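Residues per chain are reported as follows:
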Amino acid sequence: GGSENLDNPKYRLGAPDSKAATTGTLMRVSDYRQLGDGRLLLVCQALERFAVVDVTQHLPYGVATVELLPDRELIEAHYPGSAEGTSAGSGGGGSWGAAACAAAAEAVHFHPFEFRSVSVDECGAGDGGGVSPLANYDARGVPDGPPDAAAAVEGYLARGDGTGDRPP
């Protein structure tokens, strides 16, 4: 990896036998500072895991269409017949894919609550030696109502892939 491999075919995103990672983490940058030597100091928070679905650009940096990978426990909560006994829920239809879609919709719904903008100064006056505050939740971002997981599942099923089996 690294900048020395930007045009290296072995690290080309989406290429056969590529060493490039096809899963990653969706991040939100809450603050940044450009350092005197040109480097950037970023304060970021991880929001979701994702998998690369389609690569749309290789240089000067990889750009891809991705699919969110919600936590398995959240998918199971939307999957009829799961260990938790959720039978109706918003997952409906018996599709693991539809349950994953509902779980992703729920996870994204809570992003405003789970993310609190933290400044570089809060993390140690911008010298990189500090630590972000642990309580990274913003009570002002608590959603007013439940996520519209049913609408997400309807859209998923309308695309024609509502028959996926639950993985082992």
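Above this note sits the structure.
Now for a look at the structure at hand.

Conventions adopted
- Residues numbered from 1 in each chain as written.
- Predicted model: local features only at pLDDT ≥ 70, side-chain atom pairs only at ≥ 80, totals over all residues.
- Heavy atoms only, no water.
- Helix = DSSP H or I, 4+ residues; strand = E, 2+ residues; numbered from the N terminus.
- Buried < 20%, exposed > 50% of the residue type's maximum accessible area, 1.4 Å probe, protein only.
- Areas by Shrake-Rupley, 256 points an atom, 1.4 Å probe, with all protein chains shown as cover.
- Salt bridge = Lys/Arg side-chain N within 4 Å of Asp/Glu carboxyl O.
- Core = buried A, V, L, I, M, F, W, Y, C linked by side-chain atoms within 4.5 Å.
- Pairing = 2+ DSSP bridges.
- Phe/Tyr/Trp six-rings, centres within 6.5 Å; stacked < 30°, edge-to-face > 60°.

Turning our attention to the overall build of the protein. Across its full length, the protein carries four helices and three strands. Moving toward the C terminus, one meets the helices and strands of the protein in the order β-β-β-α-α-α-α. A buried classification covers 25% of the 168 residues belonging to the protein. Approximately 10500 Å² of the protein is accessible, and the part contributed by carbon and sulfur atoms is 54%.

What follows covers the pattern of salt bridges. Counted by the stated rule, this structure contains two salt bridges. Here Arg39 and Asp37 are joined by a salt bridge, their closest N and O atoms 2.7 Å apart. Linking Arg72 and Glu76 is a salt bridge whose minimum nitrogen-to-oxygen distance equals 3.2 Å. Of this pair, Arg72 and Glu76 both sit in helix α1 (residues 72-78), four residues apart, roughly one helical turn.

Within the largest apolar cluster, six residues are counted, these being Ile75, Tyr79, Trp96, Ala99, Ala100 and Ala103. The element contributing the most residues to this core is helix α2 (residues 96-109), with four residues.

On to the environment of Val153. Along the chain, Val153 falls in helix α4 (residues 149-158). In sequence terms Val153 and Ala103 are 50 residues apart; their C-alpha atoms lie 9.4 Å from each other.

What follows is about the environment of Glu122. Within the fold, Glu122 resides in the loop between α3 (111-114) and α4. Between the C-alpha atom of Glu122 and that of Val43, which follows or precedes it by 79 residues, the distance is 9.8 Å.

A few words on the pairing of strand β1 (residues 23-34). In the sheet, β1 pairs with strand β2 (residues 40-57) via 11 bridges, with the strands oriented antiparallel. The residue of β2 that forms the bridge with Asp31 is Val43. Linkage of β1 to β2, two consecutive antiparallel strands, is achieved through a turn of five residues, within which Gly38 is found at a positive phi near 95°.

A few words on unusual backbone geometry. With glycine set apart, most residues show a phi of negative sign, and most peptide bonds adopt trans. A cis geometry characterises the amide bond from Leu59 onward to Pro60, with omega recorded as 5°. Here Pro60 shows up in the loop between β2 and β3 (63-68). Positive phi is not limited to glycine here, since Asp17 has a value of about 60°. Turning to its location among the elements, Asp17 is positioned in the segment before β1.

Right, let's get into the packing of aromatic side chains. Per the counting criterion, the structure on display carries one aromatic pair. Where Tyr79 meets Trp96, the ring centres are 5.2 Å apart and the plane angle is 65°; that geometry is what we call edge-to-face. Taken together, the residues span a long stretch of sequence, with Tyr79 in the loop between α1 and α2 and Trp96 in helix α2 at a distance of 17 residues. Of the two residues, Tyr79 and Trp96, both sit in the buried class.

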